[in-house]
Amino acid sequence: MRRPYVIGNWKMHGISTALPTISRIATAAQRLPHVDVALCLPATLIHRAVTAVPTLPIGGEDCHAEPDGAHTGSVAAAMLGDAGASLVILGHSERRVEGDGDAVIARKVAAAYSAGLDVVLCVGEQERDADAVRTVRAQLRRSLPRDFHDRLTIAYEPVWAIGKGILPDPSDVLAMANALREELGDTRILYGGSVTAATSAAMIEDGGVDGLLVGKASLSADSFIAIIQAVGDCALPAA
Ligand code: PGA
């Protein structure tokens with residue numbers, strides 16, 4: 001059995017006043033040891049979060065493809081690791097619209113691995129259409145370096161569902177999850193896009209994914225903990 005995995009993505013939200021929220025999430029996660037939980041935070045909050053709640057894996061939301069250099073405003077993978085991050089989200093659609101193409105994302109994945117970080121690679125189609133599986137499979141292949149390994153999680157996030165309050169049909173998520181497993185074998189596949197506590201169980205059980213990448217609903221401890229608990233109560237697909 002793969003272990004269920006729930007990751008919060010705080011995007012550009014959160015300063016030090018959010019530490020009590022992070023602490024509540026960490027406490028709830030400790031009570032559900034059969035669910036893996038992580039929180040990806042703005043780079044400025046990572047070190048404080050890791051220090052305040054050492055039990056909860058903390059991640060970044062992006063990194064640069066180069067290990068260092070003249071890249072004003074960017075954060076290198078090793079800097080995230082130095083701040084205490086153990087994972088990083090790469091290829092999020094909100095980074096792709098800022099200009100990250102698949103080839104750059106593949107270099108970022110390699111940079112994150114070199115820095116010892118786990119990678120959560122986001123893929124997803126722009127528009128809801130019949131070609132989605134083919135489009136996303138191709139995007140996945142282009143977004144991975146030649147040497148990727150098992151410290152990889154894929155988040156399937158249809159762009160049209162992110163932050164919109166609309167969800168795909170779980171049977172379409174299942175078809176996508178199966179196609180991605182054909183590409184990657186045992187890698188955990190998460191679903192992301194407008195997940196709430198009320199919809200998470202259906203996405204796991206009918207969508208056949210191993211967990212969820214949660215944006216807005218991860219900002220409140222109450223709603224994120226409710227999602228973690230709902231995922232913990234689900235039966236996961238057999239590995
Ligand atoms: P959302 O964001 O849950 O707010 O739709 C998900 C994501 O962008 O990862």
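As a reminder, the structure under discussion sits directly above these lines.
Residues numbered from 1 in each chain as written. Predicted model: local features only at pLDDT ≥ 70, side-chain atom pairs only at ≥ 80, totals over all residues. Heavy atoms only, no water.

## What about the overall build of the protein chain?
Here is the rule: By definition, any uninterrupted DSSP run of H or I lasting at least four residues is a helix, any uninterrupted run of E lasting at least two residues is a strand, and each is numbered from the N terminus. Between buried and exposed lies partly exposed: a residue is buried under 20% and exposed over 50% of the maximum accessible area for its type, with that area taken using a 1.4 Å probe on protein chains only. What makes two residues a contact is simply this: any of their non-hydrogen atoms within 4.5 Å. The Shrake-Rupley method, run with a 1.4 Å probe sphere, supplies the accessible areas, and residue values consider only the shown protein chains as cover. The sign given to each residue is positive for Lys and Arg and negative for Asp and Glu; His and the chain ends receive no count. In this description, the location of a charge corresponds to atom NZ of lysine, CZ of arginine, CG of aspartate or CD of glutamate.
In terms of regular secondary structure, the protein chain is built from nine helices and eight strands. Seen along its three principal axes, the alpha-carbon backbone of the protein chain occupies a region of about 40 × 40 × 30 Å. Residues classed as buried in the protein chain amount to 52% of the 239 residues present. Taking the intrachain contacts of the protein chain between residues at least 6 apart in sequence as the baseline, contacts between residues at least 24 apart amount to 76%. When the accessible area of the protein chain is evaluated, it comes to approximately 10,700 Å², of which 52% is carbon and sulfur surface. Charge separation in the protein chain, taken as the distance between the mean sites of 21 positive and 28 negative side-chain charges, equals 2 Å.

## Digging into the pairing of strand E8 (residues 211-214)
Where a strand is regular, its side chains alternate between the two sheet faces. This is how it is decided: Paired strands are those between which DSSP finds at least two bridges. The handedness of a crossover follows from its direction of travel: if, with the strands pointing away from the viewer, the path from the first strand over the helix to the second runs clockwise, the crossover is right-handed.
Residues of E8 alternate between two faces, with Gly211 and Leu213 on one and Leu212 and Val214 on the opposite face, all of them buried. Bridge analysis of strand E1 (residues 5-9) against E8 gives four bridges, and the strand direction is parallel. What sits directly across from Gly8, in E8, is Val214. Pairing between strand E7 (residues 188-192) and E8: three bridges, direction parallel. By the bridge assignment, Tyr191 is partnered in E8 with Leu212. Running through helix H8 (residues 197-205), the crossover from E7 to the neighbouring parallel element E8 is right-handed.

## Here we look at the packing of helix H5 (residues 102-114) against helix H6 (residues 132-143)
For the record, the criterion: Axis lines are fitted to C-alpha atoms, over the contacting stretch for helices. Their N-to-C directions set the angle, which ranges from 0 to 180 degrees. Roughly parallel covers angles under 35 degrees, roughly antiparallel covers those over 145, roughly perpendicular covers 65 to 115, and oblique covers all other angles. Charged means Asp, Glu, Lys or Arg here, nonpolar means Ala, Val, Leu, Ile, Met, Phe, Trp, Tyr, Cys or Pro, and polar covers whatever is left, Gly included.
Where H5 meets H6, the axes come as close as 7 Å, and the angle between the chain directions of the two elements is 50°. Considering their axes alone, H5 and H6 lie oblique with respect to each other. Between H5, through Asp102, Ala103, Ile105, Ala106 and Val109, and H6, the contact on the second element is made entirely by Gln139, Arg142 and Ser143. Here the residues of the contact of H5 with H6 are counted per class, giving four nonpolar, two polar and two charged.

## Topic: the site of the ligand
Selection rule: It suffices for a single heavy atom of a residue to lie within 4 Å of a molecule or strand for the residue to be listed as near it. We call two N or O atoms a polar contact when they sit within 3.5 Å, provided that within protein one can donate a hydrogen and the other can accept it, with sequence-adjacent residues counted only if both atoms are side-chain atoms.
Taken together, Asn9, Lys11, His92, Glu157, Ile162, Gly163, Gly193, Ser194, Leu213, Gly215 and Lys216 make up the full set of residues adjacent to the ligand. Between the ligand and Gly163 there is a distance of 2.6 Å, counted from an oxygen atom to a backbone nitrogen or oxygen. Between the ligand and Lys216, the relevant distance is 2.9 Å, taken from an oxygen atom to a main-chain nitrogen or oxygen of the residue. Protein contact buries 97% of the 290 Å² of open area that the ligand shows by itself. Grouping the amino acids of the shell around the ligand by side-chain chemistry returns two nonpolar, six polar and three charged.

## A word on H8
Which entries qualify depends on this criterion: Regarding the arc, it is the one traced by the directions from the helix axis to the C-beta atoms.
For H8, every residue scored as buried is listed here: Ser200, Met203 and Ile204. Along the long axis of H8, the arc covered by the buried residues comes to 90°, so they all point the same way. Where H8 is buried, its residues contact helix H7 (170-184), E7, E8 and helix H9 (221-232).

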